[in-house]
Amino acid sequence: MTEPLTKPAAGSTPTTSGTAPVVVAIDGPAGSGKSSVSKAAALRLGYGFLDTGAAYRALAWHALAHGADTSDATAVLEVFGDFDYAISLDARDRWVRVGEVDVTAAIREPRVTDAVSGVARVASVRHAVNELFRRLVASAALPGVVVEGRDITTVVFPDAPVRILLTAAPEVRAARRSAELTDHDAAKVAAALHQRDAADSTVVDFLTAAPGVEVVDSTHLDFEQTVDAVLSVVDNTMGARDGR
Ligand code: DC
């Protein structure tokens, strides 16, 4: 894996003092809205945005491109050897590349979604990818980065000043997912979501808040209210930290 490319977020102020960016770590299950909420929060804060699931998706895409069996850990490790991954941290200009190929759209295809749990399950892959996330954030010339993904508050950035678990009731998460996918009926989406939660939760516990992690439950909140709730956690936590 080569050193990843990153682009600073447009309109954000690069840090000149060499201080590491503030990390806002956001965990949550599928359909909790964590990706879109995290991105909106990053834009409002003038921070960068790191969608960590994109790395696992890009690796699944890479494995499929090599005809590898994504349910076989050895096969996944083999293709991981030449996984050349790059991602933009700019919330306004998001892209994901594997080598020279722009895979921003391709990693959202159902065939990739179906394969991704297999690659995300491989412990040594997780270890290397987590290191990559820490390097990406540490080297970003940004005041802060909102980092979103399943084990971000517990494993990847357990010491982040702001850590949030974004949740919603299972039926609300399934309804949101089916609204995003027009050709799926709600029952199928609920079943698929349940299956992914079950597969992913064997690897990381993303349904329970670890000590010190703030829960934002969006069951009864609309999108803007959820973003506001996240921003008020950021404000309160940073305020308390800075003695405001
Ligand atoms: O959030 P998403 O649907 O793009 O995530 C894709 C897959 O990667 C999903 O199976 C969960 C997994 N994932 C993970 O295990 N750890 C992360 N930090 C982010 C995603």
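Residues numbered from 1 in each chain as written. Predicted model: local features only at pLDDT ≥ 70, side-chain atom pairs only at ≥ 80, totals over all residues. Heavy atoms only, no water.

Enquirer: Would you mind going over the overall build of the protein chain with me for this structure?
Expert: In terms of helices and strands, the protein chain carries nine helices and eight strands. Here the protein chain, with 244 residues, has 49% of them falling under the buried criterion. The contacts of the protein chain with a sequence gap of at least 6 include a subset with a gap of at least 24, amounting to 78%. (Helix = DSSP H or I, 4+ residues; strand = E, 2+ residues; numbered from the N terminus. Buried < 20%, exposed > 50% of the residue type's maximum accessible area, 1.4 Å probe, protein only. Contact = heavy atoms within 4.5 Å.)

Enquirer: Is there a simple way to think about the sheet that holds strand β8 (residues 214-217) in this case?
Expert: Strand pairs in the sheet, formed through backbone hydrogen bonds, run parallel or antiparallel to each other. Strand order in the open sheet formed by five strands is β2-β6-β1-β7-β8, with parallel pairing between adjacent strands. The open sheet has two edge strands, β2 (48-51) and β8, and neither has a second partner. This sheet shows a mean twist of 25° between the axes of neighbouring strands, independent of strand direction. Here strand β1 (residues 22-27) pairs with strand β7 (residues 162-167) via four bridges, running parallel. What sits directly across from alanine 25, in β7, is arginine 163. Most of the contacts of helix α9 (residues 223-241) go to β7, to which it runs at about 155°, and overall it touches β1, β7 and β8. (Pairing = 2+ DSSP bridges. Axes fitted to C-alpha atoms, helices over the stretch in contact; angles between N-to-C directions.)

Enquirer: What is the right way to read the nonpolar core from this model?
Expert: If you look at soluble globular proteins, the nonpolar side chains tend to sit buried side by side. Of all hydrophobic cores here, the largest spans 41 residues; its most connected members are Leu50 and Tyr85. When residues of this core are assigned to their parent elements, the largest contribution, seven residues, is made by helix α2 (residues 53-65). In terms of nonpolar packing, the next biggest core, distinct from the first, is built from 21 residues, Val24, Ile164, Val234 and Met238 among them. (Core = buried A, V, L, I, M, F, W, Y, C linked by side-chain atoms within 4.5 Å.)

Enquirer: Is there a simple way to explain the packing of aromatic side chains in this structure?
Expert: Any aromatic ring pair is given by two values, namely how distant the centres are and how the planes are angled relative to each other. In the structure shown here, the tally under the stated rule is three aromatic pairs. Considering the side-chain rings of tyrosine 56 and phenylalanine 133, the 6.4 Å spacing of their centres and the 70° angle between planes classify their relative orientation as edge-to-face. One end of the pair, tyrosine 56, is in helix α2; the other, phenylalanine 133, is in helix α5 (residues 123-138), with 77 residues separating them in the sequence. In this pair, the class of tyrosine 56 matches that of phenylalanine 133, namely buried. With centroids separated by 6.0 Å and ring planes inclined at 35°, the aromatic side chains of phenylalanine 80 and phenylalanine 83 adopt a geometry described as tilted. An aromatic cluster of at least three residues, connected via ring pairs, comprises Phe80, Phe83 and Tyr85. Over the aromatic face of tryptophan 95 sits the side chain of arginine 97, whose NZ or CZ is 3.9 Å from the ring centroid. (Phe/Tyr/Trp six-rings, centres within 6.5 Å; stacked < 30°, edge-to-face > 60°. Lys NZ or Arg CZ within 6 Å of the ring centre and 35° of its normal.)

Enquirer: Just to check I follow, could you spell out the pattern of salt bridges for this structure?
Expert: Evaluated as defined, the whole model comprises eight salt bridges. The closest approach of N and O atoms between lysine 34 and glutamate 148, which form a salt bridge, is 4.0 Å. Here glutamate 148 lies in strand β6 (residues 144-148) and lysine 34 lies in helix α1 (residues 34-45), a separation of 114 residues in the sequence. With respect to burial, lysine 34 and glutamate 148 carry one shared label: buried. (Salt bridge = Lys/Arg side-chain N within 4 Å of Asp/Glu carboxyl O.)

Enquirer: I keep staring at the sheet that holds strand β5 (residues 101-102) and nothing clicks. Help me out?
Expert: The sheet built from three strands is open, its strands ordered β3-β4-β5 with antiparallel pairing. Of all strands in the sheet, those with a lone pairing partner are β3 (85-87) and β5, marking the two edges. The pairing of β3 with strand β4 (residues 96-98) spans three bridges and is classified as antiparallel. Each bridged residue has a counterpart across the sheet, and for alanine 86 the counterpart in β4 is arginine 97. Running at roughly 35° to β4, α2 makes contact with β3, β4 and β5 of the sheet.

Enquirer: Please explain the pairing of β7 as it appears in this structure.
Expert: Both faces of the sheet carry side chains from a regular strand, because those side chains alternate between them. For β7, the buried fraction is high: six of the six residues fall into the buried class. Covered by surrounding structure in β7 are Val162, Ile164 and Leu166 together with Arg163, Leu165 and Thr167, the residues of both alternating faces. With four bridges connecting them, β7 and β8 associate as parallel partners. Looking across to β8, one finds that isoleucine 164 is bridged to glutamate 214.

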